[in-house]
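Each chain, written out:
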Amino acid sequence: MRRFIVSILLALPILAFLGALVVAPLAAMLGYQDAAPLWGEMLGDAYYQQRIRWTVFQAAATVLLTGLLGVPIAWALARLQFAGRALVLRLLMLPFILPTLVAGMGVLTLFGEHGALWRGWSDTAALLLYGNVFFNLPVMIRAAYQGLASVPANRLAAAQTLGANAWQRFWRVELPVLKAWLAGGACLVFLYCFSGFGLALLLGGQRFATVEVEVYQLIAYELDMAHAAVLVWLVLGVTALAGLLYAWISRRADATEVRIRQPEKPKTWAERALLAFALFTLAACCALPLLAIAFQAAQAGAAWRVLWDEDTLSALWNTARFSGCAVAGAAVLGALHAAAARQWAAIRALTFLPFMVSPVCLSFGVLLLYPSFSASLPMLIALYALLAYPFVTKDILSAWDALPANYTAAARVAGASRFQAAYAVTLPLLLPALRRGLTLAAATCIGEFAATLFLSRPEWTTLTTLIYRYLGKVGAANHDKALVLTAVLMGLSLLVFMLLDASDRQPEKS
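Residues numbered from 1 in each chain as written. Predicted model: local features only at pLDDT ≥ 70, side-chain atom pairs only at ≥ 80, totals over all residues. Heavy atoms only, no water.

Peer 1: Honestly, the side chain of Glu-448 in this entry has me stumped. Any pointers?
Peer 2: Looking at the element boundaries, Glu-448 is found in the loop between helix 20 (418-446) and helix 21 (450-455). Buried and unpaired, Glu-448 has no salt bridge, with Arg-321 as the nearest side chain of opposite charge at 14 Å. A polar side-chain atom of Glu-448 sits 3.2 Å from the main-chain amide nitrogen of Ala-451. In this structure Glu-448 touches Pro-359, Tyr-384, Leu-387 and Thr-464, once residues within four positions along its chain are discounted. (Helix = DSSP H or I, 4+ residues; strand = E, 2+ residues; numbered from the N terminus. Buried < 20%, exposed > 50% of the residue type's maximum accessible area, 1.4 Å probe, protein only. Lys, Arg positive; Asp, Glu negative; His and termini not counted. Salt bridge = Lys/Arg side-chain N within 4 Å of Asp/Glu carboxyl O. Polar contact = N/O pair within 3.5 Å; in protein donor to acceptor, adjacent residues only side chain to side chain. Contact = heavy atoms within 4.5 Å.)

Peer 1: Mind showing me how you'd approach the packing of helix 6 (residues 100-111) against helix 7 (residues 125-149) here?
Peer 2: Helix-helix packing: each pair is described by the crossing angle between the helix axes and the interaxial distance. Where helix 6 meets helix 7, the closest approach of the two axes is 10 Å, and the angle between their N-to-C directions is 130°. Comparing the axis directions of helix 6 and helix 7 gives the class oblique. For the pair helix 6 and helix 7, the sense of crossing is right-handed. Residues Thr-100, Ala-103, Val-107, Leu-108, Leu-110 and Phe-111 of helix 6 form the contact with helix 7, whose own contacting residues are Leu-127, Tyr-130, Gly-131, Phe-134 and Phe-135. For the contact of helix 6 with helix 7, the per-class residue count stands at nine nonpolar, two polar and no charged. (Axes fitted to C-alpha atoms, helices over the stretch in contact; angles between N-to-C directions. Parallel < 35°, antiparallel > 145°, perpendicular 65-115°, else oblique. Left-handed = near helix turned anticlockwise from the far one by under 90°. Nonpolar A, V, L, I, M, F, W, Y, C, P; charged D, E, K, R; others polar.)

Peer 1: Teacher, can you tell me more about the packing of aromatic side chains here?
Peer 2: How two aromatic rings sit relative to each other is set out by the distance from centre to centre and by the angle between their planes. With the rule as written, the count across this model stands at 18 aromatic pairs. Each ring, one from Phe-111 and one from Trp-121, has its centre 4.4 Å from the other, and the planes form 40°; the classification is tilted. You can see Phe-111 sitting in helix 6 and its partner Trp-121 sitting in the loop between helix 6 and helix 7, a full ten residues away along the chain. Under the relative-accessibility criterion, Phe-111 is labelled buried at 7%. (Phe/Tyr/Trp six-rings, centres within 6.5 Å; stacked < 30°, edge-to-face > 60°.)

Peer 1: Sorry, what's going on with the pattern of salt bridges here?
Peer 2: Any two side chains of opposite charge can pair if their charged atoms end up close together. Considering all chains together, one arrives at nine salt bridges under this definition. For Asp-401, the salt bridge is made with Arg-348, and the minimal N-O distance between the two is 2.9 Å. Of this pair, Asp-401 sits in helix 18 (residues 377-402) while Arg-348 sits in helix 15 (residues 345-349), and the two are 53 residues apart along the sequence. On the accessibility criterion, Arg-348 (35% relative accessible area) is partly exposed. The partner of Glu-459 in a salt bridge is Arg-457, and the shortest N-O contact between them spans 3.5 Å. The exposure class assigned to Glu-459 is partly exposed, which follows from its relative accessible area of 44%. Arg-457 sits in the partly exposed class, given a relative accessible area of 37%. One continuous salt-bridge network, built from bridges that share partners, spans Arg-342, Arg-348 and Asp-401.

Peer 1: Whenever I open this one, the packing of helix 3 (residues 46-79) against helix 9 (residues 166-194) confuses me. Can you help?
Peer 2: Contact pair helix 3 / helix 9: the axes reach a minimum separation of 9 Å and the direction vectors enclose 140°. In this view, helix 3 runs oblique relative to helix 9, as classed from their interaxial angle. Between helix 3 and helix 9 lies a crossing of right-handed hand. The residues of helix 9 that touch helix 3, namely those facing Thr-55, Val-56, Gln-58, Ala-59, Ala-60, Thr-62, Val-63, Thr-66, Val-71, Trp-75 and Arg-79, are Phe-170, Glu-174, Leu-178, Leu-182, Ala-186, Val-189, Phe-190, Cys-193 and Phe-194.

Peer 1: Help me understand a nonpolar patch on the surface, please; the structure alone is not making it clear to me.
Peer 2: Where nonpolar side chains cluster on the molecular surface, the patch consists of Ile-5, Leu-9 and Leu-12 and spans about 290 Å² of accessible area. When you line up the elements, Ile-5 lands in helix 1 (residues 2-30). A relative accessible area of 41% places Ile-5 in the partly exposed class. (Patch = residues over 30% accessible without salt bridge, like charges linked within 9 Å, V, L, I, M, F, W, Y side chains within 5 Å. Areas by Shrake-Rupley, 256 points an atom, 1.4 Å probe, with all protein chains shown as cover.)

Peer 1: Sorry if this is basic, but what is going on with the nonpolar core here?
Peer 2: Among the nonpolar cores identified, the biggest contains 155 residues, and Phe-364 and Leu-386 are the most heavily contacted of them. Of all the elements, helix 18 adds the most residues to this core, at 15 residues. In terms of nonpolar packing, the next biggest core, distinct from the first, is built from five residues, Val-151, Leu-156, Ala-159 and Ala-164 among them. (Core = buried A, V, L, I, M, F, W, Y, C linked by side-chain atoms within 4.5 Å.)

Peer 1: Can you help me understand the environment of Ala-59 in this one?
Peer 2: Along the polypeptide, Ala-59 turns up in helix 3. Judged by its relative accessible area of 0%, Ala-59 falls in the buried class. Spatially, the C-alpha atom of Ala-59 lies 9.4 Å from that of Gly-196, the residues being 137 residues apart in sequence. Setting aside anything within four residues of it in sequence, one finds Ala-59 in contact with Phe-190, Cys-193 and Phe-194.

Honestly, it's all geometry; don't read function into it.
Next comes the structure, spelled out in structure tokens:
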């Protein structure tokens, strides 16, 4: 009975938090009466039809591009041994660390109006598609890599013994296992692109704006909540379907304990060519935008003086304090959610609920439900924490599930109470996972953009919104200032990545 009461007390804060910041705002949008009569009008309007078609097309095109590029790259990483392979695999985490503004600025630095490589893509759909590939190619590669790692080595060896070449082994042995993983990766890529905001706002422009950008423009510039509510529910419907499909597919793609085939050095010219293609594609699609930012920022000259401007110092301070408060909240929420999820399967299923709803939709729902708190600092930090704490929950829960039960049992047999066993045995073993989750949470908060645009006040300008402000001004000087600040933001994100990488490698040293 006492254990049941404790589990209820653990679950209540999480359910209350999710109810106040996710469920209630979404319900407020559903009950927005002014939006109901507009459904037929908006879905029949040629302007909104074009926005919806383009949003679906760019998401589907990104799925196709990342699939065509990601599968051969994943095969090369999974089956071929080469110098730096472990580093490349770790670098695939970078898109989960880098803010969308950094990626967008990298693309603009290469192919935008001031592009260093080529300016022919300026004001074209290719800008957004390239930005989408930058962020989502590693997602598809990781999905395909995990699928290839789930193929038993004995099946591949048997097929090779029977005379099957590499292509036949892939088509008949690896691809049947890989399909479920690729389908899951495709759902994630579609979800991220359809509900993406930062990249679409920066790279799409007026001509190639997505539905999410249209929602922001309706609210920020026209104060048209009714039309925005219709589009928000359209986005929620599509992302909910993609999320549910991903959850269903993930059950079929669960990794099993198998003996995997170890990578071997390339032996044929085809394997060497595939490895060269993989490394070149990763460099061109993922590394080149970041190098372009660093190169052009180094040449910005007098623009570096922006670092000493009062606005910049204020933005850095706001970014640090907002992120610090949100990470502290994420630590508490993540630990509570993980503890409650250990007791309740329903709570475990809610772990990724904040990821299922875009920050634009959440911010819009908050504006509708809590108008008096929409410009309050606690509400902004609460949204930061909401978007960040699932990383903490996920990592703690995975580590907790992997702990052998006999550790705690041995402590209890030795006379320790439940609290002593948790404090002296369980907690130290979960600390590495907590550090990893907090690192990802910090990266999310540092680069947060959408919620800040909706709910922030002018005096709460963060580094991301200050960059966007400079980009909205004409003149090369303002562009250079935005570039310098983007380099600083990229540096902060890379520092977080180094901390994450160090925490990942720490167990190997012990």
